[in-house]
Amino acid sequence: MKLKPEQDLSCNEIEVIIKYPQKDRRVLRIIDFLQSFDMQIKCAGENAERMIHIMDILIKKSLFIIINIILMIILNIMGQKCLMYHLEAGGQE
């Protein structure tokens, strides 16, 4: 598979052209994947409704999940260290 990115300042939007010798399952999967980037949902803003790309939402949601996982790991490690300190100081669990 070859990718040939090309900037065209006269374009108003991204255009993807897929050339293939035979339309098979791999080609269909690539098309489905690319189409998933173009999905938009209508959201109510402060003054008006606006369209937001679904991928923007998914990226922000993914970052939120990753940050929460990292925080849980850090808190778990800190909790274990506090428990170890408490037990070493002669405390009971």
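In this numbering scheme, every chain counts its residues from 1 along its sequence in written order. Selection of residues for local features in this predicted model requires a pLDDT of at least 70, selection of side-chain atom pairs for listing and counting requires 80 or more, and totals for whole chains, interfaces and linings are taken over all residues. No hydrogens and no water enter the side-chain calculation; it runs on all heavy atoms of the structure.

### Side note on the pairing of strand S1 (residues 40–44)
Regular strands show a simple pattern: their side chains alternate between the two faces of the sheet. Two strands qualify as a pair provided that DSSP identifies no fewer than 2 bridges between them. Per the convention used, a helix needs a DSSP run of H or I reaching at least four residues, while a strand needs a run of E reaching at least two, with both numbered from the N terminus. Across 5 bridges, S1 lies against strand S2 (residues 49–53) in antiparallel orientation. Across the sheet, Lys-42 pairs through a bridge with Met-51, a residue of S2. The hairpin formed by S1 and S2 contains 4 residues between the paired strands.

### Re the layout of surface pockets
Once rolled over the atoms, a probe with the size of a water molecule shows which space is left empty. Estimated volume of the largest pocket: approximately 1100 Å³. A cavity here means a set of 1 Å grid points, computed over protein atoms only, where a 1.4 Å probe fits but cannot escape. A pocket is an open set with protein on both sides within 12 Å along at least 5 of 7 lines, and lining residues have an atom within 4 Å of a point. In this structure, the largest pocket is lined by 24 residues; those nearest its centre are Lys-2, Lys-4, Val-16, Ile-17 and Ile-18. Only Asp, Glu, Lys and Arg are considered charged in this grouping, and only Ala, Val, Leu, Ile, Met, Phe, Trp, Tyr, Cys and Pro are considered nonpolar; every other residue, Gly among them, is considered polar. Partitioned by chemical class, the residues of the lining of the largest pocket number 14 nonpolar, 1 polar and 9 charged. Looking at the second largest pocket, its volume works out to about 410 Å³. Lining the second largest pocket, in full, are Glu-13, Ile-14, Glu-15, Val-16, Ile-18, Ile-31, Leu-34, Gln-35, Phe-37, Asp-38 and His-53. Here the lining of the second largest pocket is composed, by residue class, of 6 nonpolar, 2 polar and 3 charged. Grid points are joined across faces, edges and corners, and a volume is the space filled by probe spheres set on the points.

### Focus on the confidence of the model for the chain
Per-residue confidence from the predictor is reported as pLDDT, which spans 0 to 100. A residue-level look at the chain finds 83% of positions with pLDDT of 70 or above and a mean pLDDT of 79. Across the chain, the secondary-structure element scoring lowest on mean pLDDT is helix H2 (residues 54–88), at 72, and the one scoring highest is helix H1 (residues 25–36), at 88.

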